[in-house]
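# Inside the fold
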Amino acid sequence: MFGCATAVLHKVAPSRGKAVVREVLGEHVPAVWVSDRFAAQTGHGESRQLCLAHLLRDAQYAIDAGDTVFAPPLKELLLRAIDIARRREELQDNTLYQYRCRLDRELDDLVTRPSDSHAGEKLRGQIRRVRCELFVCVTNPGVPATNNASERYLRPAVIFRKITQGFNAEWGAAFYAGVRSVVDTGRLYGLSPLAAIRRVLAGQSVILPAAA
């Protein structure tokens, strides 16, 4: 599932590999790619914003495994970044820049501290490798702090696949992906599923022009 502020695109494929993403994107390179840390999600955008919700779960796992040095302050940093991203429209650009600088400094200090557990050390190593991909959302308008919206769009397709045991024919998979793309994109513009499908059948786009 691929989504942005103006459209949602579903594609059913037997693989989650990079080749699927490259096939969909073609020559297009997004300015910012928002994703989890799955290896196939790397290298597609000019920069990347890691899903902070996924990282929060990783931090909580390390905390539950006994880490007291690295994971707790990391969790606090991530929660602050999410909160700032939610309030971006209320804040001045200079304020957002200062917030990001502060988050960056605290993260730089945090990753130098050896943890007191195996889970914490593993997480610390992972965070050091993706260090520059955590706080893009703080100063970049329109970039979400999580990919939760994509997860919500994906959930009905996952449920459908489990109920039907998958697709028996490629045309069925392509048809389902097309319908979900139309319906989910239409919702971005306030269209009901029926209204979105009717527009497409009438040869019209479900991507509506912005109000004047």
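It should be emphasised that the depicted structure is a prediction, and the values quoted were computed from it without experimental measurement.

For the rest of this paragraph, the subject is the overall build of the protein chain. On a plain count of helices and strands, the protein chain comes out with nine helices and four strands. Helices and strands in the protein chain line up, N terminus first, as β-β-α-β-β-α-α-α-α-α-α-α-α. The dimensions of the protein chain, computed from C-alpha atoms along their principal axes, are 60 × 45 × 30 Å. In the protein chain, the proportion of contacts linking residues at least 24 apart, taken out of those at least 6 apart, comes to 53%. Of the roughly 12,700 Å² of accessible surface on the protein chain, a fraction of 54% belongs to carbon and sulfur atoms.

The subject of this paragraph is the nonpolar core. If you look at the biggest cluster of nonpolar residues, it comprises 33 residues, and the most contacted ones within it are L52, L74, L107, L123, I127 and L134. If you list the elements that add at least two residues to this core, you get helix 2 (52-64), helix 3 (71-86), helix 4 (93-110), helix 5 (118-129) and helix 6 (136-139). Ranked by residue count, the leading element in this core is helix 3, at eight residues. Excluding anything up to four places from it in sequence, L123 contacts D58, A59, A62, F70, A71 and L74.

Turning our eyes to something else, we now look at helix 7 (residues 148-164). Taking 1.5 Å of rise per residue, 17 residues should cover 24 Å, and helix 7 covers 25 Å from first to last C-alpha, within 8% of that figure. At L154, helix 7 shows its largest kink, close to 30°, and the proline P156 lies no more than four residues downstream. Just downstream of helix 7 lies Q165, where phi reads positive at about 65°.

This part covers a nonpolar patch on the surface. On the surface, W171, F175, V179, I197 and L201 cluster together into a nonpolar patch covering about 580 Å² of accessible area. Among the elements of the structure, helix 8 (170-188) and helix 9 (193-201) are those that each provide at least two residues to the nonpolar patch. When residues of the nonpolar patch are assigned to their parent elements, the largest contribution, three residues, is made by helix 8. Along the polypeptide, F175 turns up in helix 8.

It is worth spelling out the environment of L107 at this point. With respect to the helices and strands, the residue L107 is situated in helix 4. If near-sequence neighbours (up to four positions away) are discounted, L107 is found in contact with L74, L77, I127, R131, L134 and F135.

Let us look at the side chain of T185. Examined against the element boundaries, T185 turns out to sit in helix 8. Of the polar contacts made by the side chain of T185, one reaches the backbone nitrogen of V8; its length is 2.9 Å. In contact with T185, other than residues within four places in its own chain, are T6, A7, V8, V206 and I207.

As a further point, take the pattern of salt bridges. Taken as a whole and judged by the stated rule, the model has 13 salt bridges. Taking the shortest distance from any N to any O, the salt bridge between K11 and E23 comes out at 3.5 Å. Taken as a pair, K11 in the loop between strand 2 (8-9) and helix 1 (18-25) and E23 in helix 1 lie far apart in primary sequence, 12 residues in all. A residue is classified by how much of its surface remains accessible, and K11, at 33% relative accessible area, is partly exposed. Across the pair R187 and D184 runs a salt bridge whose closest N-O atoms are separated by 3.2 Å. Here D184 and R187 lie together in helix 8, a separation of three residues that amounts to about one turn. Residues joined by salt bridges that share partners form a network here, namely R100, D104, D108 and R131.

Moving on: the side chain of S117. With respect to the helices and strands, the residue S117 is situated in the loop between helix 4 and helix 5. Residue S117 is classed as buried on the basis of its relative accessible area of 13%. If we ignore the near neighbours within four places in the chain, the residues touching S117 are G66 and D67.

Attention now goes to the state of the cysteines. Throughout the structure, instances matching the rule amount to zero disulfides. For C51, which is in no disulfide, the shortest distance to another cysteine sulfur is to C137 and amounts to 10 Å. Take C101: it sits in no disulfide, and the sulfur closest to it among the cysteines is that of C132, at 13 Å. Looking at C101, the relative accessible area reads 22%, which means it is partly exposed.

What counts and what doesn't
Residues numbered from 1 in each chain as written. Predicted model: local features only at pLDDT ≥ 70, side-chain atom pairs only at ≥ 80, totals over all residues. Heavy atoms only, no water. Helix = DSSP H or I, 4+ residues; strand = E, 2+ residues; numbered from the N terminus. Contact = heavy atoms within 4.5 Å. Areas by Shrake-Rupley, 256 points an atom, 1.4 Å probe, with all protein chains shown as cover. Core = buried A, V, L, I, M, F, W, Y, C linked by side-chain atoms within 4.5 Å. Buried < 20%, exposed > 50% of the residue type's maximum accessible area, 1.4 Å probe, protein only. Expected span 1.5 Å × (residues − 1). Bend = angle between axes of the 7 residues up to and from the residue. Patch = residues over 30% accessible without salt bridge, like charges linked within 9 Å, V, L, I, M, F, W, Y side chains within 5 Å. Salt bridge = Lys/Arg side-chain N within 4 Å of Asp/Glu carboxyl O. Polar contact = N/O pair within 3.5 Å; in protein donor to acceptor, adjacent residues only side chain to side chain. Disulfide = S-S within 2.5 Å.

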